[in-house]
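So you can see what is in the structure, the chains are spelled out below.
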Amino acid sequence: MADVITYREAVAEGIAREMRRDPTVVCLGEDIGAAGGVFKTTTGLHKEFGPERVWDTPISEQAIVGAAMGAAMTGMRPVAEIMFSDFLACCWDYLANEIPKVRYMTGGQVTVPLVVRTANGGGLGFGAQHSQATENWALTVPGLKIAAPATPADVIGMMAAAIRSDDPVVFFEHKALLATKGTPPPPGHVVELGRARVVRPGDDITLVALATTVPLALKAAEVLSGEGIEAEVVDLRCLVPLDAAAVLGSVRTTSRLVTVEENPYQGGWGATVVSIVADEGFGLLDAPVRRVTAECVPLPFADALEQQVVPTVDKVVTEVRRLAAY
């Protein structure tokens, strides 16, 4: 393998590793076969594994996820692609009402070991219906695991863990990260779902981030370091399971917390993290907690409608400076 690998190449590599290891792993989705996917994240899979294991589907999210559910319940481990995460709304009944409930409704007799992959996030000009960060949608559904890797190595390691899971996993691949590069992991690399990682140590403040906000938080930390403020950056990696212990451990060191997310302020995952810290680590804090989220910007010629704009380095730096004054 090359010395570096892109995030989009890591998606294909992570799936391929598991398909080589386990013959029950199959892929399905729109244009994922010979075309290699709209984002080229399945390049090479059709050539290596053929149409028996890489299935091009009709343009129907319900058909894709419904077929994946049935395949998973009958002994396969499907990896289903929903082209844009916005389109999860089109198959929401399966994702919210059916797939995560099967194990409970059968008393544990039937599992649904499937992965729903999807391209997530905005800021790239794809349009209003193709640019949302929707991981907070899935966060409200009991029974779903939620993964959102920030690096190529984590894509491969977390993909392995997701495919091997007996529980359904929604795997968010951020569009803004697809061209980023990193060192490929060794064979057999697996990253346990629900295990956060400190990607930059620091003593003055904790920045908790996910997916594309991880490099954003790292850039903010570099700016702050020039001002004498050393920020610790924690990459959550997963929302379910959520590594609350890692967040609390960091806050125990820094006594200050800022969450950095692309979701709207209302209902975002940062609110969950903040509530856990308030409940279990209030005595660790020396300053109020702050949340950096997607900005709500009024639409032209509209009184009540708003659009979401992704968070910025400047916004993170500003919030940290406020807390540093405490």
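Quick look at the structure, then. Everything quoted here is computed from the prediction, not taken from an experiment.

What counts and how
Residues numbered from 1 in each chain as written. Predicted model: local features only at pLDDT ≥ 70, side-chain atom pairs only at ≥ 80, totals over all residues. Heavy atoms only, no water. Helix = DSSP H or I, 4+ residues; strand = E, 2+ residues; numbered from the N terminus. Salt bridge = Lys/Arg side-chain N within 4 Å of Asp/Glu carboxyl O. Buried < 20%, exposed > 50% of the residue type's maximum accessible area, 1.4 Å probe, protein only. Expected span 1.5 Å × (residues − 1). Arc of directions from axis to C-beta. Contact = heavy atoms within 4.5 Å. Phe/Tyr/Trp six-rings, centres within 6.5 Å; stacked < 30°, edge-to-face > 60°. Lys NZ or Arg CZ within 6 Å of the ring centre and 35° of its normal.

Let us now look at unusual backbone geometry. Cis geometry marks the peptide bond from V240 to P241; its omega dihedral reads -5°. One can find P241 in the loop between β12 (238-240) and α9 (244-254). A positive phi angle, close to 60°, is found at K40, a residue other than glycine. Note on placement: K40 falls in the loop between β2 (25-29) and α2 (45-49).

Before going further, it helps to spend a moment on the pattern of salt bridges. Two side chains with opposite charge may pair up if their charged atoms get near one another. According to the stated counting rule, one finds 18 salt bridges in the structure shown. Between R164 and E18 there is a salt bridge, with the nearest N and O atoms lying 2.9 Å from each other. Highlighted residues: R164 in helix α7 (residues 152-164) and E18 in helix α1 (residues 7-21), separated in sequence by 146 residues. In this structure, the salt-bridge partner of R117 is E173, at a minimum N-O distance of 2.7 Å. Of this pair, R117 sits in strand β5 (residues 115-120) while E173 sits in strand β7 (residues 169-174), placing them 56 residues apart in sequence. Taken as a pair, R117 and E173 share a single burial class, namely buried. Through salt bridges with shared partners, one network takes in E13, R17, R20 and E48.

Take helix α11 (residues 313-324) next. The terminal C-alpha atoms of α11, which comprises 12 residues, lie 16 Å apart, in line with the 16 Å expected from a rise of 1.5 Å per residue. Taken together, the buried positions of α11 are V316, V317, E319, V320 and L323. The arc enclosing the buried residues of α11, seen along the axis, measures out at 165°, which places them on a common side. Summarising the contacts, the buried residues of α11 are in contact with β10 (205-209), α8 (213-225), β13 (257-260) and β14 (290-292).

So, about the packing of aromatic side chains. Per the stated rule, a full pass over the model turns up five aromatic pairs. For the ring pair F39 and F84, a centre distance of 5.4 Å and an interplane angle of 70° mean the geometry is edge-to-face. With F39 in the loop between β2 and α2 and F84 in strand β4 (residues 77-84), this residue pair connects regions lying 45 residues apart in the sequence. The same class applies to F39 and to F84, which are both buried. By the ring-pair criterion, three or more aromatic residues cluster together here, those being F39, F84, F87 and F126. Note that R291 overlies the ring of Y265, its terminal NZ or CZ placed 4.2 Å from the centroid.

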